[in-house]
Amino acid sequence: MKLLCLLFVTICPIYGEVLQSIPAHLLACYRRGGPQVGTPKRLDVFLSLVRRLELDSRLDLRLFSTSLLRSLRLDGIENAANTPETEFLIPYRASAFQFHKYKILMDLFLPTQDLIDVNEMLTLHEKCLLHSMLSCSIHPWERGDENIVCPLSAEQGQSISTESSNRLYSRCPIEIGVIQTPWGSITPGTIVAAVASSLENQKVLVTDILQTEMFKEDIPYTLLDMALGEWGSKLEKLELDDLGTDVSDISNVWVATLAGDLAEVVVNQGARFGASPQRIVIGSSNKWNDTLLPRDYYLFMQNASSTDWHMTDAEILAGIDGLILSHYVPIWVEQRRTLRLSQIIEMYYSNEGVSFDPKVRACNRQALFSSIVTKDELVRETSRLAHILSLRQITVYIPVDEMNRITLAAVTVFMDYVSSLLRQNHVECLATRSIPTMDLILATDGSWNGYQVEQFVSWIGSALEINMQKSSISLLHGNTGRWIVPRTKNLTGLFAAIANYTNDWPNRLNLPNVVSTVLQDARNTTIQDITDMRSAGPSTVVLIITPTDRITLEELERTREIMSSLRASFFDVYFAYAARDTTQLKNINNEYMDYSELFLTVSSTSVSDVISAVNTYLVKNEIPSRIVSTQCPFNGTNYVQVPYEDNVLPSCEQPYRIHPFYLRQQNLIQIQFRNDGQGRILVCMWRGAETSHTCQSLNERETHTFNLMTPCPSPNFCPPANFMVTALSTENLCAHVDCRLPHQVGYYIQHSGLRCLPLLGTAARSAPIWKVLWLSLVISLVY
């Protein structure tokens, strides 16, 4: 171990030192306040950004996690008072207490290079958002919104302490570097650092740290000399702790997690209060600005004069989760070298848990914490790190024995507090449910303002796992029918488009305009399918939220005409209407009844009421993906399709549907499913509303073909063909770049005999809506 530590100290200077100034590639995040885009700070958004960097950088888990920290994390960033921004100066630097621990971690325990070019891989908004999610700091000063966010009585307000003559501490400062998860809010930078440390696991002697040039340069000689004297004496005596290990080494995993944050408590509070448990503050009272649209995470002082935010609830939960993951990650990486950081974090914060060891999951946090963390080890690691940290932060030397007493007091307070915190954030593990894959188009009437629409799209983006699946989301103006947000596959793109939208939000619903745009979109999607040779894909779901508007008779008739053309030509578009009274809406389409309409009755205009209905009748519904035919031969060109690749997670189902149009006038249709080799799947087929299913299990690499002989017995009776794929078992073998998680099971779908689609022609090259309607009429004549 001694040799390893000396080698570590030798090679450490080849890596760039963490500096207090804002790195050049992050300056744009602070100039003029940075980009003002309100994307929710939530786990799914964080993972989508991390996944983007993973796929673009192609680094392994060890290099990626350390590079991510080096590139985008910088703790302790503060806004300087009375410093105006200029062309050459921005009033921000990493000067708060959080910076010192982070510098020690990155300079001494996780030396690495920045191998990720975030400027090439992310937009400015995405880069700044991920930077803010990874970097721990507190915005402590008054902002001006406290009377709304955290109102207090006059007496309470007078007791708020002052930092300087012109700045007051906010009574609800904002904690940066926090994201929302179903099992409590966490600091994801801590999780990333824990994973990185576990893959570079090492223990470093305190004496080696004290003699490192990078560490010594900012420390007064007198303090350093006293520290070297004490620790050198202990080393000469070969003192051992109760477990028989060296008393003077520090684990980088503990530095990255609980011991790091506890050391900040010891150094910042212990120097003032000594070994007094009654005066040590650990934990925080906190809340999000909005649980549906979490953007700001407020801290509330535990007493009117306290500004001790050295170990918040989010840091505690992340520290515990990081320690748990660090215990298992090296073992998992041995089993699957292609394992990615986003996969580990997503599986841990899921009901199913990590596929390699399902008991490892956030809903089992309490039991895992008790089995991994002991008070004695936490005291040892915290005390040693606190001694190193104190040399950088304070100007008074604290002897080792006194540091041990302060640490014991802090750890005692922590252990008393953590049990209640874990109970408070415990959520039982739930059974897995399938999430439908879809291209969602959302339109609203004048019931909601812009913020309420943002609340809803934030929620439904999470509920449909837009950032994780093959789904997309877009937003239509309910009055004009124009795009507010074109189709996007991630919430960062959606909220960036909303931030750039400067027109008025809809004041009513003009349904003909909305359906006309949907018709045009269906046409464009179909042409793109032909270009990409797709044989299947997500269905389009149009969600129209209209709790207050009534459709005029004229608009109803126009909508019926457009809907008739859409239904006769483009068959896999679902409409879901959320309204107080759905009577009129049920009269829009009474000619093409093909199980593609949902009517959701809501009792009010409130976002929560609409969410409840949409969650019950849309999100939890089985919206099937579409299996489609190719374009009919045209102008001497024959169009082909490629097998459709898809996957399914264990305990989930993936449904598909073939619309009756593709079944009519055909003698034999064959639908083949081929297992891609990552586990066993079950494929089933049924027609229409039949309860009887024809099923076949497929082992790895096996295929099965469903034969539909004369699928339409008569012109008036031709139910759709439905299919369902379920994963029966998994081998944890999914390793290519499209794998969301290692335990998903892949398969291919290909087909023959489906009726072709007569779409392309002279009209297909023309955009005006009357030509689209004319084309629809042509198709309907052969329908």
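The structure reproduced in this document is the subject of the present report.

Rules used in this analysis
- Residues numbered from 1 in each chain as written.
- Predicted model: local features only at pLDDT ≥ 70, side-chain atom pairs only at ≥ 80, totals over all residues.
- Heavy atoms only, no water.
- Helix = DSSP H or I, 4+ residues; strand = E, 2+ residues; numbered from the N terminus.
- Buried < 20%, exposed > 50% of the residue type's maximum accessible area, 1.4 Å probe, protein only.
- Contact = heavy atoms within 4.5 Å.
- Lys, Arg positive; Asp, Glu negative; His and termini not counted.
- Charge placed at Lys NZ, Arg CZ, Asp CG, Glu CD.
- Phe/Tyr/Trp six-rings, centres within 6.5 Å; stacked < 30°, edge-to-face > 60°.
- Salt bridge = Lys/Arg side-chain N within 4 Å of Asp/Glu carboxyl O.
- Polar contact = N/O pair within 3.5 Å; in protein donor to acceptor, adjacent residues only side chain to side chain.
- Disulfide = S-S within 2.5 Å.
- Patch = residues over 30% accessible without salt bridge, like charges linked within 9 Å, V, L, I, M, F, W, Y side chains within 5 Å.
- Areas by Shrake-Rupley, 256 points an atom, 1.4 Å probe, with all protein chains shown as cover.
- Expected span 1.5 Å × (residues − 1).
- Core = buried A, V, L, I, M, F, W, Y, C linked by side-chain atoms within 4.5 Å.
- Pairing = 2+ DSSP bridges.
- Axes fitted to C-alpha atoms, helices over the stretch in contact; angles between N-to-C directions.
- Parallel < 35°, antiparallel > 145°, perpendicular 65-115°, else oblique.
- Nonpolar A, V, L, I, M, F, W, Y, C, P; charged D, E, K, R; others polar.

Observations concerning the overall build of the chain
When you go through the chain residue by residue, the secondary structure sums to 25 helices and 25 strands. Counting across all 783 residues of the chain, residues that qualify as buried make up 59%. Look at the contacts in the chain between residues 6 or more apart in sequence, and 79% of them connect residues 24 or more apart. In the chain, 64 positive and 81 negative side-chain charges are present, and the distance between their average locations comes to 5 Å.

Description of the packing of aromatic side chains
The description of an aromatic ring pair uses the distance of the two centres, along with the angle that the planes make with each other. Following the criterion strictly, the structure yields 19 aromatic pairs and no others. When the centroid spacing of 4.4 Å and the interplanar angle of 20° are considered together, the rings of Phe-571 and Phe-661 count as stacked. In this pair, Phe-571 is assigned in the loop between α23 (553-569) and β15 (573-579) and Phe-661 in the loop between β19 (653-658) and β20 (668-675), connecting sequence segments 90 residues apart. The buried category is assigned to Phe-571, whose relative accessible area is 2%. The class for Phe-661 is buried, based on a relative accessible area of 0%.

Observations concerning the pattern of salt bridges
For side chains bearing opposite charge, pairing can occur when the charged atoms are close. Within the structure shown, the criterion is met by 34 salt bridges. Lys-359 is paired through a salt bridge with Asp-357; the nearest N and O atoms lie 2.8 Å apart. Judged by its relative accessible area of 19%, Asp-357 falls in the buried class. Salt bridges sharing partners connect three or more residues here, namely Arg-51, Glu-346, Glu-465 and Arg-740.

Describing the environment of Glu-85
Residue placement: Glu-85 occurs in the loop between β1 (77-79) and β2 (92-94). Taking C-alpha positions, Glu-85 is 42 Å from Thr-480, a pair spaced 395 residues apart along the chain. Non-local contacts of Glu-85, meaning those with residues more than four positions away in its chain, are made with Tyr-30, Arg-31, Arg-32, Ile-90 and Pro-91. At 3.0 Å, the side chain of Glu-85 forms a polar contact with the backbone nitrogen of Arg-32.

What about the state of the cysteines?
Evaluated as defined, the whole model comprises seven disulfides. One disulfide in the model links Cys-734 with Cys-739; its S-S distance is 1.9 Å. Residues Cys-734 and Cys-739 are joined through a disulfide that is left-handed, its torsion about the S-S bond being -80°. Relative accessible area serves as the criterion here: at 4%, Cys-734 is assigned to the buried category. Between Cys-136, a free cysteine, and Cys-29, which holds the nearest cysteine sulfur, the sulfur-to-sulfur gap is 16 Å. Take Cys-136: its relative accessible area is 5%, and that puts it in the buried class. In this structure Cys-652 is not part of a disulfide, and its nearest cysteine sulfur, from Cys-734, lies 14 Å away.

Some remarks on a nonpolar patch on the surface
Together, Met-533, Val-640 and Val-642 line one region of the surface with nonpolar side chains, adding up to about 230 Å² of accessible area. Along the chain, the position of Met-533 falls in the loop between α22 (511-532) and β13 (536-537). A relative accessible area of 32% means that Met-533 is categorised as partly exposed.

Remarks on helix α14 (residues 258-273)
With 16 residues, α14 extends 21 Å between its outermost C-alpha atoms, agreeing within 8% with the 22 Å of an ideal straight helix rising 1.5 Å per residue. Counted residue by residue, α14 has 13 buried out of 16 residues, so it is predominantly covered. After α14 finishes, the residue Gly-274 shows a positive phi value of roughly 70°.

A few points about the nonpolar core
Leu-68 and Phe-456 are the most contacted members of the largest nonpolar core, which has 219 residues in total. Beyond its immediate sequence surroundings of up to four residues, Phe-456 is in contact with Leu-442, Trp-448, Leu-543, Ile-545, Val-607, Val-610, Ile-611 and Val-614.

Some words on the sheet that holds β19
Within a sheet, adjacent strands bond to each other through the backbone by hydrogen bonds, running parallel or antiparallel. With respect to topology, six strands assemble into an open sheet ordered β13-β17-β19-β24-β21-β22, the strand pairing being mixed. Lying at the two open borders of the sheet, with one neighbouring strand each, are β13 and β22 (694-698).

Considering α23
Each full turn of the α-helix corresponds to 3.6 residues, which orients residues three or four apart in the same direction. The end-to-end C-alpha separation of α23 is 25 Å, in line with the 24 Å expected for 17 residues at 1.5 Å each. Listed as buried for α23 are Glu-555, Leu-556, Thr-559, Ile-562, Met-563, Ser-565, Leu-566, Arg-567, Ala-568 and Ser-569.

Re the packing of helix α20 (residues 450-463) against helix α21 (residues 491-499)
Between α20 and α21, the shortest axis-to-axis distance is 11 Å and the interhelical angle comes to 170°. Relative to α21, α20 is oriented roughly antiparallel. Contact residues: α20 offers Glu-454, Val-457, Ser-458, Gly-461 and Ser-462, while α21 offers Leu-491, Leu-494, Phe-495 and Ile-498. Looking at the contact of α20 with α21 residue by residue, the class counts come to five nonpolar, three polar and one charged.

Section: the environment of Pro-358
With respect to the helices and strands, Pro-358 occurs in the loop between α16 (341-348) and α17 (365-372). The sequence separation of Pro-358 and Tyr-348 amounts to 10 residues, and the corresponding C-alpha distance is 8.7 Å. Once you skip the residues sitting within four places of it in the chain, Pro-358 turns out to touch Glu-352 and Gly-353.

Re the packing of helix α15 (residues 313-335) against helix α19 (residues 400-424)
Relative orientation of the contacting elements α15 and α19 amounts to 90°, with a least axis distance of 11 Å. The orientation of α15 relative to α19 falls into the category roughly perpendicular. Contact residues: α15 offers Asp-313, Ile-316, Leu-317 and Ile-320, while α19 offers Phe-414, Tyr-417, Val-418, Leu-421 and Leu-422. Taken together, the residues that form the contact of α15 with α19 break down as eight nonpolar, no polar and one charged.

Quick look at the side chain of Glu-315
Secondary-structure assignment places Glu-315 in helix α15. Lys-101 provides the closest opposite charge to the buried, unpaired Glu-315, separated from it by 5.3 Å. When neighbours within four sequence positions are excluded, Glu-315 is seen to be in contact with Cys-136, Glu-175, Thr-187, Asp-261, Trp-309 and His-310.

Describing the sheet that holds strand β12 (residues 483-488)
Read across the open sheet, the six strands follow the order β12-β11-β10-β14-β15-β16; overall the sheet is mixed. Across the chains shown, the open sheet's two edge strands, defined by having one partner strand only, are β12 and β16 (597-601). Averaged over all pairs of adjacent strands, the angle between their axes in this sheet comes to 15°, without regard to strand direction. Two elements, strand β11 (residues 472-476) and β12, share three bridges in a ladder whose sense is antiparallel. Counterpart to Leu-476 in the pairing with β12 is Trp-483. Those strands touched by α21 are β11 and β12, and its axis lies near 160° from that of β12.

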